[in-house]
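Chain by chain, the residues run as shown.
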Amino acid sequence: MVSTTSTRHAPAEANPGPLRPPWSARAFIAAGLLGAAVAVTWLTFWWIGLSPASLAAGLGDTARLLARMWPPDLPGAGDVARMIAETLLIAVAGTGLAVLASVPLAFTAARTHRGPRWLRSAARVVVVLTRAVPTLAFAILFVRIFGLGPLAGALAVAVHSVGMIAKMLADAVEEADPVPAEAARACGAREAQVAVSTVLPRVFPALTAIVLYRLDINLRTSAVLGVVGAGGIGVALQTALGSLNYHRAAGIICVIVVLVLLLELLSVAIRRRTRAGRSAGDTTGTAALPAGRAPHDVGWDRGRALRVGGAVATGVVFLVSLWSLNPDPGRLSGAWTNLSAVLTGMWPPAFSGELLMAVLESLLMALGAAAAGAACGLVLALLTAVNTTPWRPLSAVVRVLLVVVRGIPDLVYALLFVAALGLGPFAGFLALWISCTALAAKFFADSLEQLDPLPHEALTAAGARRWQAFAAGIWPQFVPSFTGNGLFVADLAMRESVVLGIAGAGGVGYLMQESIATLRYDTTAAIVIAIAVVVYAIETLARIARRHLL
Amino acid sequence: MIGAPVLRLSEVGKGFHGTTVLDDVSLDVPQGQFVALVGPSGAGKSTLLRLVNGMYVPDRGTVRTLGENPAACSRSRLRALRARVGFVFQQFGLVGRLSALENVLMGSLATLRLPRYGVMSYPRALRVRAVEHLDRVGLADQRFQRCDTLSGGQQQRVAVARTLLQSPELILADEPVASLDPAASVLVLEILKRISAEDGISVVCSLHQIEFALATADRVVALRGGRLVLDEPAAGLTADRLRAIYDAAGARDG
Ligand SMILES: Nc1ncnc2c1ncn2[C@@H]1O[C@H](COP(=O)(O)OP(=O)(O)OP(=O)(O)O)[C@@H](O)[C@H]1O
Ligand SMILES: [Mg+2]
């Protein structure tokens, strides 16, 4: 009979050889990361006193606060329009300034740079430092130097963005084909000429994408800069919360949420358009030269008119946004003396036990929230990804919910929880947990959908159950991106947890704000150094883990 | 050798969104036979194979696989049926990050209740058998190598070993050698042929290369535009007659 087939042939060898796979670094790293995540989460829960009872009490307090905020009280339409315009202009001005500074910085920091080594290293230090310190930390400092208002906010946005734009641009520069540059050098071109005429055109699409991405982030950030007095709609939120006018605060939060969601829709639309344009626009370059045009004349066609028009419009918007910051010379000269006072006051950095404990608290809040957020985000991602969702309509609902939750800035959650639960890391942890969950769910769902569907299909065809096919056909493929994205969330959470302290939600942010208010810049410097070290350490750990888990 | 056919299609029709992909196809496959399924692209070969293990449901006619009707099975019966039918894909369907041995072990999931992750989560007896099957396809020494570091031909042999661990009574292979070079193709087809002969397993294998079909199969079945246009023992066939099926399709489409 057919069913005896497996016994028909004798075993090929009496001794089958090793049946246990050799130990690999991968297994150790995976087990280590998992153990570390569990231990850190437990430690965080213990530190902030999280228990089912305290969580239930906290959520009860939050619900009561939300009830007190109802109904929202919107400011007048004119006020809303003015605050929104100021918020947008801060983001545009900051991003524009950052781009201007990033291009030379990126070329200097790229591995392909041919100048002196120390110059490249210096550029890299600038990139790492500006990236590690959050926008809001810069905003506090700049409010001190330039005074209250949108100028400080725009500069803070600019300085922090420089780090990210320059890093991503430097990566693009390093990846660009080196042969055209060699050819230009062989013609006797100077290094600056080589960069402008061979490398810049090649990285231009990447630069556009990076700038749009950063502008998107900056628009969200500029909505909360006002909390530290750096202009935009956040000023009104801080005023309302400070005067315990919860109805007004709710109204402003609604405006912020709607603004952020509209921006999200806009950025999705732009991304879709640029993608469609890139695939359809390939033929424009091959069009024959129109008759009657002088051979040395590029001439005008629709594409060129759109490009030039877009560039001019972007430039005009940028100039308007700069002008709106009101950088009059009298203020700037006053800023100079403030700046030199800040810089000289920073040396030598003053470390203290209290400071290190606060940094540790920020770190614990961040890692605990990232681990808990990754766990919850994984569940939500499995519900939303098209290849794992048990039920399509549920997937759509969760997806919309996640966009809304992600749209609200962390600082708004933190302000709410602080108002409901009082000062301390508990409020900060809850705020971070929510945002980490939403962020992780999005990253995980996106990467789940990019996995190869064939192993799952093959196992289903072999009679495996649903969970078996998932565990064997999808999960092993997903492990690297799960770990990579999880660590990335931890990285973002660390930066954010510093910021939340500014709202009094635990961690080192409060200390930082206080040190600047009391002119103890040496403490500020120590905090900035400590944060940069921690963020750089997490990034390095993430890079190593990703390399070994691939 | 005499008995109920392993596979019986009676007047099967299948379409998608109003188009007809398979039209009135009838076919019996007895135990131990190696059937090559040929025909131009879009003729319906993959669709036919997917009807056999219940991945698609026919619009008309009936499919009987190992005495069961996959379209009428409950979920658990369908799983049990699929466990007895091996399926080999053109793109292998292996998890590249995992070892060859772990990929082979996945073939036994239908006999286990719980999800598994990692070689050591499978019982020792299964690991021994998995290594035997890897040895049959000539890859016992590569058992702990990651699949994405194996060549295409080696990966397809791992996929065959995974199918063997199911102890299948029927193997369906959908263009198993379409992404392999000629030497690797010959090796994979020879392994399938040997398994079919030694274990008495029926194989239905769709192929694009006429030469391979004639050299490997006991019987050649040709589809064109969803209809069965030829069904003969491979021994009496010439390459020219088979080529005419492809040419006719090309002439009609052009
Ligand atoms: N799931 C599906 N949904 C819609 N149409 C399908 C589906 N599966 C197959 N088809 C259509 O059925 C027709 C036959 O497809 P099939 O894959 O069976 O052909 P094939 O003979 O395997 O071709 P190839 O040699 O290219 O693999 C094609 O026109 C295809 O577009
Ligand atoms: Mg096919």
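Residues numbered from 1 in each chain as written. Chains lettered and ligands numbered in written order. Predicted model: local features only at pLDDT ≥ 70, side-chain atom pairs only at ≥ 80, totals over all residues. Heavy atoms only, no water.

Looking at the overall build of chain B
In step 1: If you tally the helices and strands in chain B, you get 8 helices and 9 strands.
In step 2: Radius of gyration (C-alpha) of chain B: 18 Å, near the 18 Å computed for a compact globule of 254 residues.
In step 3: Along the first, second and third principal axes, the C-alpha set of chain B runs to 55 × 40 × 40 Å.
In step 4: Taking all 254 residues of chain B together, the buried fraction comes to 57%.
In step 5: As displayed, chain B has an accessible area near 10000 Å², and 51% of this comes from carbon and sulfur atoms.
In step 6: Side chains of chain B carry 30 positive and 25 negative charges; the gap between the two charge centres is 9 Å. (Helix = DSSP H or I, 4+ residues; strand = E, 2+ residues; numbered from the N terminus. Rg over C-alpha atoms; globule rule 2.2 N^0.38 Å. Buried < 20%, exposed > 50% of the residue type's maximum accessible area, 1.4 Å probe, protein only. Areas by Shrake-Rupley, 256 points an atom, 1.4 Å probe, with all protein chains shown as cover. Lys, Arg positive; Asp, Glu negative; His and termini not counted. Charge placed at Lys NZ, Arg CZ, Asp CG, Glu CD.)

Quick word on the packing of helix 5 (residues 135-146) of chain A against helix 6 (residues 150-175) of chain A
Residue and element names in this part refer to chain A.
In step 1: Relative to each other, helix 5 and helix 6 sit at 140°, their axes nearing to 8 Å. If you check the angle between helix 5 and helix 6, you find them oblique. As helix 5 runs across helix 6, the sense of the crossing is right-handed. Residues Thr135, Phe138, Ala139, Phe142, Val143 and Phe146 of helix 5 pack against Leu151, Ala152, Leu155, Ala156, Val157, Val159 and His160 of helix 6.
In step 2: Classifying every residue of the contact of helix 5 with helix 6 gives 11 nonpolar, 2 polar and no charged. (Axes fitted to C-alpha atoms, helices over the stretch in contact; angles between N-to-C directions. Parallel < 35°, antiparallel > 145°, perpendicular 65-115°, else oblique. Left-handed = near helix turned anticlockwise from the far one by under 90°. Contact = heavy atoms within 4.5 Å. Nonpolar A, V, L, I, M, F, W, Y, C, P; charged D, E, K, R; others polar.)

Section: the domain arrangement of chain B
In step 1: Taken domain by domain, chain B comprises domain 1 (1-86 + 204-220 + 227-254) and domain 2 (90-167).
In step 2: Each of domain 1 of chain B and domain 2 of chain B has a C-alpha centre, and the two are 27 Å apart. (Domains from an automatic or database assignment.)

A few points about the side chain of Ser185(B)
Residues and elements named next belong to chain B.
In step 1: Its location among the elements puts Ser185 in helix 6 (residues 182-199).
In step 2: Exposure remark for Ser185: the relative accessible area of 1% places this residue in the buried category.
In step 3: Apart from the residues lying within four places of it in its own chain, the contact partners of Ser185 are Val177, Leu180 and Phe212.

Re the domain arrangement of chain A
Many analyses report the size of an interface as the accessible area lost when the parts associate.
All names here are of chain A.
In step 1: Domain annotation of chain A identifies domain 1 (25-70 + 358-550) and domain 2 (71-279 + 304-344).
In step 2: Taking only C-alpha atoms into account, the centre of domain 1 sits 25 Å from that of domain 2.
In step 3: Contacts between the two partners involve 32 residues from domain 1 and, on the opposite side, 32 residues from domain 2.
In step 4: When the buried area of domain 1 at its contact with domain 2 is split by residue, Met69, Trp70 and Tyr521 rank highest and sum to 20% of it.
In step 5: Viewed at the interface, domain 2 and domain 1 are joined by 1 salt bridge.
In step 6: Among the ionic pairs, Arg131 bridges to Glu539, the shortest N-O distance being 2.7 Å. (Buried area = accessible area lost by both parts, 1.4 Å probe. Salt bridge = Lys/Arg side-chain N within 4 Å of Asp/Glu carboxyl O.)

Structural notes on the sheet that holds strand 5 (residues 85-88) of chain B
Residue and element names in this part refer to chain B.
In step 1: On the basis of which strands lie adjacent, the open sheet formed by 6 strands has the order 5-6-7-3-8-9 and mixed pairing. Whereas interior strands pair on both sides, the edge strands pair on one side only; in this sheet they are strand 5 and strand 9 (227-233). Strand after strand, the sheet turns through a mean of 15° between neighbouring axes, direction not considered.
In step 2: Relative to strand 6 (residues 170-174), strand 5 runs parallel, the two being bridged by 4 bridges. Each residue of the ladder has a partner; that of Val88, found in strand 6, is Ala173.
In step 3: Sheet contacts for helix 1 (residues 45-52): strand 3 (34-38), strand 5, strand 6, strand 7 (202-206) and strand 8 (219-224); angle to strand 6, the most-contacted strand, approximately 150°.
In step 4: Where helix 5 (residues 152-165) meets the sheet, its contacts fall on strand 5 and strand 6, and the angle it forms with strand 5 comes to roughly 170°. (Pairing = 2+ DSSP bridges.)

As for the pattern of salt bridges
In step 1: Scanning all chains against the criterion turns up 28 salt bridges over all chains.
In step 2: For Arg136(B), the salt bridge goes to Asp199(B), with nearest N and O atoms at 3.0 Å. With a gap of 63 residues between them, Arg136(B) in helix 4 (residues 124-136) and Asp199(B) in helix 6 connect regions that are remote in the sequence. No difference in accessibility class separates Arg136(B) from Asp199(B), as the two residues are buried.
In step 3: Through salt bridges that share partners, Arg131(A), Asp491(A), Arg495(A) and Glu539(A) make up one connected network.

Focus: the interface of chain B and chain A
In step 1: Each side of the interface is counted separately: chain B has 50 residues, and chain A has 39 residues.
In step 2: Between chain B and chain A lies a buried interface of about 3900 Å² when both sides are counted; carbon and sulfur atoms form 59% of it.
In step 3: Put simply, chain B and chain A have 1 salt bridge between them.
In step 4: In this structure, Glu457(A) and Arg50(B) form a salt bridge, with 2.5 Å as the shortest nitrogen-oxygen distance.
In step 5: Going through the elements one at a time, helix 2 (75-83), strand 5, helix 4 and helix 6 of chain B are the ones with two or more residues in the side of chain B that touches chain A.
In step 6: Tallying contributions element by element places helix 4 of chain B first for the side of chain B that touches chain A, with 9 residues.

Remarks on the site of ligand 1
Residue and element names in this part refer to chain B.
In step 1: In the region of ligand 1, 13 residues are neighbours, and Ser41, Gly42, Lys45, Ser46 and Thr47 sit closest.
In step 2: In this structure, Ser41 approaches ligand 1 through a side-chain N or O atom, which is 2.4 Å from an oxygen atom.
In step 3: Gly44 places a main-chain nitrogen or oxygen 3.0 Å from an oxygen atom of ligand 1.
In step 4: The fraction of the free accessible surface of ligand 1 (630 Å²) that becomes covered by protein chains is 61%.
In step 5: Here the shell around ligand 1 takes 3 residues from helix 1, the largest share from any one element. (Near = heavy atom within 4 Å. Polar contact = N/O pair within 3.5 Å; in protein donor to acceptor, adjacent residues only side chain to side chain.)

Here we look at the confidence of the model for chain A
Residue and element names in this part refer to chain A.
In step 1: The pLDDT averaged across chain A works out to 86; a share of 93% of its residues lies at or above 70.
In step 2: Across chain A, the element-wise mean pLDDT spans from 77 in helix 10 (residues 246-280) up to 95 in helix 17 (residues 454-461).
In step 3: Low pLDDT, under 50, characterises residues 1-12; the stretch is placed with 19 contacts to residues that sit more than four places away or in other chains.
In step 4: Note that pLDDT drops below 50 for residues 280-287; the model gives that stretch 0 contacts with residues more than four away or on any other chain. (pLDDT = per-residue confidence, 0-100.)

Section: the nonpolar core
In step 1: Met69(A), Leu136(A), Phe142(A), Leu237(A), Leu411(A), Leu448(A) and Val508(A) are the most contacted members of the largest nonpolar core, which has 113 residues in total.
In step 2: When residues are assigned to domains, this core turns out to be shared by domain 1 (25-70 + 358-550) and domain 2 (71-279 + 304-344) of chain A, each giving three or more.
In step 3: When near neighbours in sequence (up to four residues on either side) are disregarded, Leu136(A) contacts Val224(A), Leu225(A), Val228(A), Leu411(A), Val499(A) and Ile502(A).
In step 4: One finds Leu139(B), Ile191(B), Leu192(B) and Ala217(B) within the second-largest nonpolar core, a separate group that totals 63 residues. (Core = buried A, V, L, I, M, F, W, Y, C linked by side-chain atoms within 4.5 Å.)

Some points on the sheet that holds strand 4 (residues 60-65) of chain B
Within a beta sheet, neighbouring strands are joined by backbone hydrogen bonds and run either parallel or antiparallel to one another.
Residue and element names in this part refer to chain B.
In step 1: Taking strand neighbours across the sheet as the criterion, the 3 strands line up as 2-1-4 in an open arrangement whose pairing is antiparallel. Two strands close off the open sheet at either side, each with one partner strand: strand 2 (19-29) and strand 4. On average, each strand axis in the sheet is tilted by 25° relative to the strand beside it, whichever way the strands run.
In step 2: Note: strand 1 (residues 7-16) against strand 2, 7 bridges, orientation antiparallel. From the neighbouring strand, Gly15 faces strand 2, where its bridge partner is Thr20.
In step 3: Along the sheet, helix 1 contacts strand 1, strand 2 and strand 4; its crossing angle with strand 1, the most-contacted strand, is approximately 120°.

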